[in-house]
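# A structural walkthrough
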Amino acid sequence: MISDEERAELVKYRLQRSGETLDEAELLLNARKLPGAVNRIYYAVFYAAGALLLKHGLSSAKDAGLISLFHKEIVNKGVLENEFGKIL
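Report on the accompanying structure. What you see is a predicted model; the values in this text were computed from it and never measured.

The secondary structure content of the protein amounts to 4 helices and 0 strands. Along the protein, helices and strands appear, N-terminal first, in the series α-α-α-α. Its C-alpha atoms give the protein principal-axis dimensions of about 40 × 30 × 20 Å. Across the 88 residues of the protein, 25% fall into the buried class.

This brings us to the packing of aromatic side chains. For the structure on display, the rule yields 5 aromatic pairs. For the ring pair Y42 and Y43, a centre distance of 4.9 Å and an interplane angle of 85° mean the geometry is edge-to-face. On the numbers, 5.8 Å between centres and 70° between planes, the contact of Y43 with F46 is edge-to-face. Remark: F46 and Y43 occur in helix 2 (residues 34-55); sequence separation between them is 3 residues, near one turn of the helix. One aromatic cluster is present, formed by Y42, Y43, F46 and Y47 through successive ring pairs.

Definitions and cut-offs
Residues numbered from 1 in each chain as written. Predicted model: local features only at pLDDT ≥ 70, side-chain atom pairs only at ≥ 80, totals over all residues. Heavy atoms only, no water. Helix = DSSP H or I, 4+ residues; strand = E, 2+ residues; numbered from the N terminus. Buried < 20%, exposed > 50% of the residue type's maximum accessible area, 1.4 Å probe, protein only. Phe/Tyr/Trp six-rings, centres within 6.5 Å; stacked < 30°, edge-to-face > 60°.

Structure below.
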């Protein structure tokens with residue numbers, strides 16, 4: 001089990017990674033590399049969702065598990081509106 005301080009650092013790292021990945025998406029979009037941009041956008045959202053789950057003491061290593069957990073623990077419990085669940 002990780003400490004609260006370690007968890008906070010990991011959340012910070014995942015949000016930073018999300019921002020960097022979104023920057024990559026913008027570069028790809030500007031270069032008209034649409035499949036690559038969509039991939040980077042997906043992972044930017046994925047990293048941010050993972051950070052939010054971790055902040056709530058939850059995590060999943062796999063995409064499908066993270067998405068399922070995100071809907072169950074974040075969207076369905078009203079932490080975020082349903083429209084954000086649809087994005088992921």
